[in-house]
Amino acid sequence: MFKFLFAMIIPVMIFVYTMSFTRWVGSRAGATAQVSAGTLGILSLAVSAAVLWKLLT
């Protein structure tokens with residue numbers, strides 16, 4: 001379990017950066033860009049977690 005949490009540091013940092021970008025896009029463009037960026041961030045975190053969980057447990 002500790003290896004999984006340690007391996008998730010980089011994907012979580014990418015997720016935080018993507019959510020920051022999502023907020024920035026929301027202030028500039030329409031809702032479509034914000035929703036797309038948020039969805040991409042959530043999906044990338046979920047896929048990373050699933051792959052790392054499968055590899056490390």
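See the structure printed just above.
In this text the structure is predicted, and so the values were computed from the model without any measurement.

Participant: Tell me about the overall build of the protein, and please be specific about residues and values.
Facilitator: Of the regular secondary structure elements, the protein holds three helices and zero strands. Secondary structure of the protein in N-to-C order comes out as α-α-α. Here the protein holds 57 residues, and the buried ones make up 18% of them. The long-range fraction of contacts in the protein, counting pairs at least 24 apart against all pairs at least 6 apart in sequence, stands at 59%. About 4400 Å² of surface is accessible on the protein, with carbon and sulfur atoms providing 76% of the total.

Participant: Describe the packing of helix α2 (residues 9-28) against helix α3 (residues 31-56), and please don't skip the residues or the numbers.
Facilitator: A pair of packed helices can be characterised by two numbers: the angle between their axes and the separation between those axes. Interhelical geometry of α2 versus α3 gives an angle of 175° and a closest axis separation of 8 Å. With respect to α3, the element α2 is oriented roughly antiparallel. In this structure, α2 uses P11, V12, F15, T18, M19, F21, T22, V25 and G26 to contact α3, whose residues at the interface are A33, Q34, A37, G38, G41, I42, L45, S48 and L52. For the contact of α2 with α3, a count of residues per class yields eleven nonpolar, seven polar and no charged.

Participant: I'd love a proper account of a nonpolar patch on the surface, names of residues and values included.
Facilitator: Where nonpolar side chains cluster on the molecular surface, the patch consists of F2, F6, I9, I10, M13 and I14 and spans about 710 Å² of accessible area. Of all the secondary structure elements, the ones that give two or more residues to the nonpolar patch are α1 (2-7) and α2. Ranked by the residues each element gives to the nonpolar patch, the list is headed by α2, at four residues.

Participant: Mind laying out the environment of F4, listing which residues take part and the relevant values?
Facilitator: Residue position: F4 is located in helix α1. Exposure remark for F4: the relative accessible area of 12% places this residue in the buried category. Spatially, the C-alpha atom of F4 lies 23 Å from that of T39, the residues being 35 residues apart in sequence. The contacts of F4, once residues within four sequence positions are left out, are A49, L52, W53 and L56.

The rules we used
- Residues numbered from 1 in each chain as written.
- Predicted model: local features only at pLDDT ≥ 70, side-chain atom pairs only at ≥ 80, totals over all residues.
- Heavy atoms only, no water.
- Helix = DSSP H or I, 4+ residues; strand = E, 2+ residues; numbered from the N terminus.
- Buried < 20%, exposed > 50% of the residue type's maximum accessible area, 1.4 Å probe, protein only.
- Contact = heavy atoms within 4.5 Å.
- Areas by Shrake-Rupley, 256 points an atom, 1.4 Å probe, with all protein chains shown as cover.
- Axes fitted to C-alpha atoms, helices over the stretch in contact; angles between N-to-C directions.
- Parallel < 35°, antiparallel > 145°, perpendicular 65-115°, else oblique.
- Nonpolar A, V, L, I, M, F, W, Y, C, P; charged D, E, K, R; others polar.
- Patch = residues over 30% accessible without salt bridge, like charges linked within 9 Å, V, L, I, M, F, W, Y side chains within 5 Å.
- Salt bridge = Lys/Arg side-chain N within 4 Å of Asp/Glu carboxyl O.

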